[in-house]
Amino acid sequence: MEFSLTDPFLWETVIQGLLFGGVLALLSLGLNIIFGVIDVVWICYAELIMLGMYTIYYLYADFGVPLPLAFGAGILVVAALGALLHQLVIRPILHTEPINQLLVTGGVLFFLQGLATMMFSVEFRNLGVSFGSVEAGEMFFPVSRIIAFSVSLVAVGVLWLFLKKTYLGTAIRAISQDRDVMPLMGVSPRKIYLVTSALGGGLAGLGACLLVLLYDIHPAIGLTFGPITFMVCVLGGLGNMIGGFIAAFIFAEFIALGGFYAEVEWGYVMAFVFFIVMMFIRPQGILGSRS
């Protein structure tokens, strides 16, 4: 395929990559804020998104709950699951070796996948909601992707304001910077950890609201987004939300342009190769700091 800057299909692909990058940025945001505060990587993070997608689907398709209310319920359910996961699983292993934390959260991943398979079967389900597409010149863009991108950017902005302008947000930022000193200043790490877990879960629930409009739901949907979300966080610098935001768009463009010039699978291969090379050049991530 010839390269031409005037090719409308090329620019359509670039913009589609940007739209996909917004969703990846939102998915990485929750994982980054959890690691930045609690210093534990939730390998099972994408499985919380999967449970949120199932919650929204059944509320809307089986119980007739209006879609906006189903979205709100999905966010609340996954936020509660995030807090529950912290209390039952993360809190007991907070001071163990990182490898133990990865193994435990990895075990939760397989548990949730198996549970979803037994409860919902392996059948693919779809919300059945279509918003059509919009045309710009010779380019066409699905409205659902535009909505997902817009909501992602709004969510990033709201979270930034929350962390910068509120007392609770300031406490979260402070304890992420020095978790040993903050207890001496009257801040309870236990409460902040719980709130952060619920916040991260809420962001996973919001991600479920967006992904359920774009993809079929099945028990292994987490494997589609879990690894790439984790790599986005690592590439940006684990715990660095701005770095994760930038890395999300880099990954998305690799995938989109790879699919345009070859196959989508080659886009993922190119993104993974770029990730590996960057880990040699800058192992702490794009905006991560050296320890």
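The structure contained in this document is the topic of the report that follows. Model, not experiment: these values are computed from the prediction.

## Remarks on the packing of aromatic side chains
Following the criterion strictly, the structure yields 9 aromatic pairs and no others. Aromatic pair tyrosine 215 and phenylalanine 225: ring centres 5.1 Å apart, planes at 70 degrees, arrangement edge-to-face. Taken together, the residues tyrosine 215 in the loop between α7 (189-214) and α8 (221-236) and phenylalanine 225 in helix α8 connect sequence positions 10 residues apart. Between phenylalanine 251 and phenylalanine 275, the ring centres sit 6.3 Å apart and the planes meet at 50 degrees, which makes this aromatic pair tilted. Linking phenylalanine 251 in helix α9 (residues 241-261) with phenylalanine 275 in helix α10 (residues 264-281), this pair joins segments that are 24 residues apart in sequence. Both residues of the pair, phenylalanine 251 and phenylalanine 275, count as buried. Counting every residue linked through ring pairs, the aromatic cluster contains Tyr54, Tyr57, Tyr58 and Phe120.

## Regarding the environment of valine 37
Structurally, valine 37 can be placed in helix α1 (residues 8-38). When its relative accessible area of 2% is taken as the criterion, valine 37 is described as buried.

## Points about the side chain of glutamate 47
Tracing the backbone through its elements, the reader meets glutamate 47 in helix α2 (residues 45-62). This buried residue, glutamate 47, is left without a salt bridge; arginine 125 holds the nearest opposite charge, at 15 Å. Discounting chain neighbours no more than four positions away, the residues touching glutamate 47 are Leu109, Leu112, Gln113, Gly222 and Leu223.

## Some thoughts on the nonpolar core
In terms of nonpolar packing, the biggest core is built from 80 residues, with Trp42 and Phe251 touching the most fellow members. Ranked by the residues each element gives to this core, the list is headed by α1, at 13 residues. Discounting chain neighbours no more than four positions away, the residues touching tryptophan 42 are Leu31, Ile34, Leu48, Gly82, Leu85, Ile90, Thr105 and Ser197.

## What about the side chain of glutamine 113?
Tracing the backbone shows glutamine 113 in helix α4 (residues 98-120). When neighbours within four sequence positions are excluded, glutamine 113 is seen to be in contact with Glu47, Met50, Pro219 and Leu223.

## Observations regarding the environment of histidine 218
Here histidine 218 is to be found in the loop between α7 and α8. Linking histidine 218 and glutamate 123, residues 95 residues apart in sequence, is a C-alpha distance of 6.4 Å. If near-sequence neighbours (up to four positions away) are discounted, histidine 218 is found in contact with Met50, Tyr54, Val122, Glu123 and Phe124.

## A word on the packing of α8 against α9
Close contact between α8 and α9 brings their axes to 7 Å; oriented N to C, the two are set at 125 degrees. The angle between the axes of α8 and α9 places the two elements in the oblique class. When you trace α8 past α9, the crossing you get is right-handed. Touching Ile228, Met231, Val232, Leu235 and Gly236 of α8 are Gly243, Gly244, Ala247, Ala248, Phe251 and Ile255, all from α9. When grouped by side-chain class, the residues that make up the contact of α8 with α9 number 8 nonpolar, 3 polar and no charged.

## Remarks on α2
Each full turn of the α-helix corresponds to 3.6 residues, which orients residues three or four apart in the same direction. Over its 18 residues, α2 runs 26 Å from end to end, which matches the ideal 26 Å to within 8%, given 1.5 Å per residue. The buried count for α2 comes to 13 of 18 residues, which makes it a mostly enclosed element.

## Thoughts on the packing of helix α5 (residues 143-165) against α7
Where α5 contacts α7, the axes come no closer than 9 Å and their chain directions differ by 170 degrees. When the axis of α5 is compared with that of α7, the two are roughly antiparallel. Of the two possible hands of crossing, α5 and α7 adopt the one that is right-handed. From α5, Ser144, Arg145, Ala148, Val151, Ser152, Ala155, Leu159 and Phe162 reach across to α7, where they touch Leu199, Leu203, Leu206, Leu210, Leu213 and Leu214. Partitioned by chemical class, the residues of the contact of α5 with α7 number 11 nonpolar, 2 polar and 1 charged.

## Quick word on α4
The end-to-end C-alpha distance of α4, which contains 23 residues, comes to 33 Å, matching closely the 33 Å that a straight helix rising 1.5 Å per residue would cover. Residues of α4 that are buried include every one of Gln101, Thr105, Gly106, Val108, Leu109, Leu112, Gln113, Ala116 and Phe120, and no others. Residues of α4 that are buried make contact with α2, α3 (67-90) and α8.

## Notes on the pattern of salt bridges
Applying the stated criterion across every chain yields a total of 1 salt bridge. Between arginine 125 and glutamate 123 there is a salt bridge; the shortest N-O distance is 3.8 Å. For glutamate 123, a relative accessible area of 46% gives the class partly exposed.

Conventions adopted
- Residues numbered from 1 in each chain as written.
- Predicted model: local features only at pLDDT ≥ 70, side-chain atom pairs only at ≥ 80, totals over all residues.
- Heavy atoms only, no water.
- Phe/Tyr/Trp six-rings, centres within 6.5 Å; stacked < 30°, edge-to-face > 60°.
- Helix = DSSP H or I, 4+ residues; strand = E, 2+ residues; numbered from the N terminus.
- Buried < 20%, exposed > 50% of the residue type's maximum accessible area, 1.4 Å probe, protein only.
- Lys, Arg positive; Asp, Glu negative; His and termini not counted.
- Salt bridge = Lys/Arg side-chain N within 4 Å of Asp/Glu carboxyl O.
- Contact = heavy atoms within 4.5 Å.
- Core = buried A, V, L, I, M, F, W, Y, C linked by side-chain atoms within 4.5 Å.
- Axes fitted to C-alpha atoms, helices over the stretch in contact; angles between N-to-C directions.
- Parallel < 35°, antiparallel > 145°, perpendicular 65-115°, else oblique.
- Left-handed = near helix turned anticlockwise from the far one by under 90°.
- Nonpolar A, V, L, I, M, F, W, Y, C, P; charged D, E, K, R; others polar.
- Expected span 1.5 Å × (residues − 1).

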